[in-house]
Amino acid sequence: MICELCPRKCRVERSQERFGYCGVGELPKIARAALHFDEEPPISGTGGAGTIFFSGCNLRCVFCQNYAISAEDTGKVVTPYQLSEEYRKLEAIGAQNIEFVTPSHYIEAILKSLEYYQPRLPLIWNSSGYDSVESLRQLDGIIDIYLPDFKYSDNTLAKRLSNCGDYVETAIAAIGEMIRQQPETVIENGVMKRGVIIRHLVLPSHTKNSIGVLEIIKKKYGTRAAVSLMAQYFPAGKAEEYPDINRRLTKREYHKVLNSFLDLGLDGFAQELDSSDKKYVPEWNFCN
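Residues numbered from 1 in each chain as written. Predicted model: local features only at pLDDT ≥ 70, side-chain atom pairs only at ≥ 80, totals over all residues. Heavy atoms only, no water.

1. Observations concerning the packing of aromatic side chains
- One pass over the structure, following the stated rule, counts 10 aromatic pairs.
- Centroid distance Phe54 to Tyr106: 5.4 Å. Interplanar angle 40°. Geometry classified as tilted. With a gap of 52 residues between them, Phe54 in strand S2 (residues 49-54) and Tyr106 in the loop between strand S4 (98-101) and helix H4 (107-116) connect regions that are remote in the sequence. This pair shows no difference in class: Phe54 is buried, exactly as Tyr106 is. (Phe/Tyr/Trp six-rings, centres within 6.5 Å; stacked < 30°, edge-to-face > 60°. Helix = DSSP H or I, 4+ residues; strand = E, 2+ residues; numbered from the N terminus. Buried < 20%, exposed > 50% of the residue type's maximum accessible area, 1.4 Å probe, protein only.)

Laid out in structure tokens, this is it:
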């Protein structure tokens, strides 16, 4: 296929021999399918989120905590049918939902897999926020919960750390489409059934960027989506090559952003600083 699934529109004819900017071919490549208990409380619930981590990424941030699967060759190629069988397995062991993690470059394969098996659980789209509105429209009526990142309010920083000079306007439009599709948050017995949660990871040395993200969210979406403020950053990937992000957050930095979160009256979740620990990085149970 000539790929235009994501905003990069690299137009590579992706196959198992030719890869797009995302670093992968046409068939899905997955690195983990298992219950996950470290998401936001209404996502993990008591039974765990049924997470499927996809390999490759259309953003490929230099600091990615999942760098082994986003930028390196970790994972196993599966067919859409085999992918659908993972949904069955997760459903059978008590997953509260089926969560697609970093799925944007596999929209067509995921839609095909759902023709083989449609889980009787909420479907979650957990992406970087760098999504194409046109592609997201294919998910209307299919995805129940959107869990996008909103990483940057500064395109210069986005270009430097994610090679993505149009991140801000792209994420604004993408998240707007997600909220259009799921404008109401529905939580039953502590488990989210529908809605949008916008995640933001606070980067060291860049509190201005984080406060800018929170201000954009407030201005563009009000309280139509919950916000998850994340303190789990630790240097990973190629962060050692970038002195400004080659350390953990300070308490002062995080509290500065957290105070802005509270002052803006945003609703949602905030991690503790002790979440910055490599033990929270999943083990990749699918390998080449």
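From this point, the discussion proceeds with the structure in view.
2. Remarks on the side chain of Asn58
- By the element assignment, Asn58 lies in the loop between S2 and helix H2 (67-70).
- Here Tyr130 takes part through its backbone oxygen, which lies 2.9 Å from a polar atom of the side chain of Asn58.
- Dropping the residues within four chain positions of it, Asn58 is found in contact with Cys6, Pro7, Arg8, Tyr21, Cys22, Ser104, Ser128 and Tyr130. (Polar contact = N/O pair within 3.5 Å; in protein donor to acceptor, adjacent residues only side chain to side chain. Contact = heavy atoms within 4.5 Å.)

3. Describing the packing of helix H8 (residues 207-221) against helix H9 (residues 251-263)
- Between H8 and H9, the shortest axis-to-axis distance is 10 Å and the interhelical angle comes to 15°. Taken together, the axis directions place H8 and H9 in an arrangement best described as roughly parallel. Considering how the two elements wind past one another, H8 and H9 form a crossing that is right-handed. On H9, the residues touching Thr207, Ser210, Ile211 and Leu214 of H8 are Glu253, Lys256, Val257, Ser260 and Phe261.
- In the contact of H8 with H9, the residues fall into four nonpolar, three polar and two charged. (Axes fitted to C-alpha atoms, helices over the stretch in contact; angles between N-to-C directions. Parallel < 35°, antiparallel > 145°, perpendicular 65-115°, else oblique. Left-handed = near helix turned anticlockwise from the far one by under 90°. Nonpolar A, V, L, I, M, F, W, Y, C, P; charged D, E, K, R; others polar.)

4. Focus: the nonpolar core
- Core analysis: the largest hydrophobic core is formed by 71 residues, its most contacted members being Phe63 and Phe150.
- Excluding anything up to four places from it in sequence, Phe150 contacts Tyr167, Val168, Ala171, Ile172, Ile175, Ile198, Arg199, His200, Val213, Ile216, Ile217 and Tyr221.
- Counting residues in each nonpolar core, the second largest holds eight residues, with Ala49, Ile145, Leu147 and Ile197 among its members. (Core = buried A, V, L, I, M, F, W, Y, C linked by side-chain atoms within 4.5 Å.)

5. Considerations on the environment of Glu283
- With respect to the helices and strands, the residue Glu283 is situated in the segment after strand S10 (268-270).
- Between the C-alpha atom of Glu283 and that of Asn66, which follows or precedes it by 217 residues, the distance is 10.0 Å.

6. Quick word on H4
- Of all the positions in H4, only Ile107, Ala109, Ile110, Leu111, Ser113 and Leu114 are classed as buried.
- In the core, the buried residues of H4 are packed alongside S2, helix H3 (80-92), S4, strand S5 (123-126) and helix H5 (133-137).

7. Notes on the pattern of salt bridges
- Counted by the stated rule, this structure contains 13 salt bridges.
- Notably, a salt bridge pairs Lys151 with Asp149, separated by 3.0 Å at the nearest N-O pair.
- Relative accessible area serves as the criterion here: at 16%, Lys151 is assigned to the buried category.
- The structure contains a network of salt bridges with shared partners spanning Arg137, Asp140, Glu177 and Arg180. (Salt bridge = Lys/Arg side-chain N within 4 Å of Asp/Glu carboxyl O.)

8. Description of helix H6 (residues 155-162)
- Burial in H6 covers these residues: Leu157, Ala158, Leu161 and Ser162. On an axial view of H6, the arc spanned by its buried residues comes to 100°, and they lie on one face.
- Its buried side turned inward, H6 meets helix H7 (167-181) and H8.
- For H6, the N-terminal capping position is held by Asp154, with its side-chain oxygen 2.9 Å away from the main-chain nitrogen of Thr156. (Arc of directions from axis to C-beta.)

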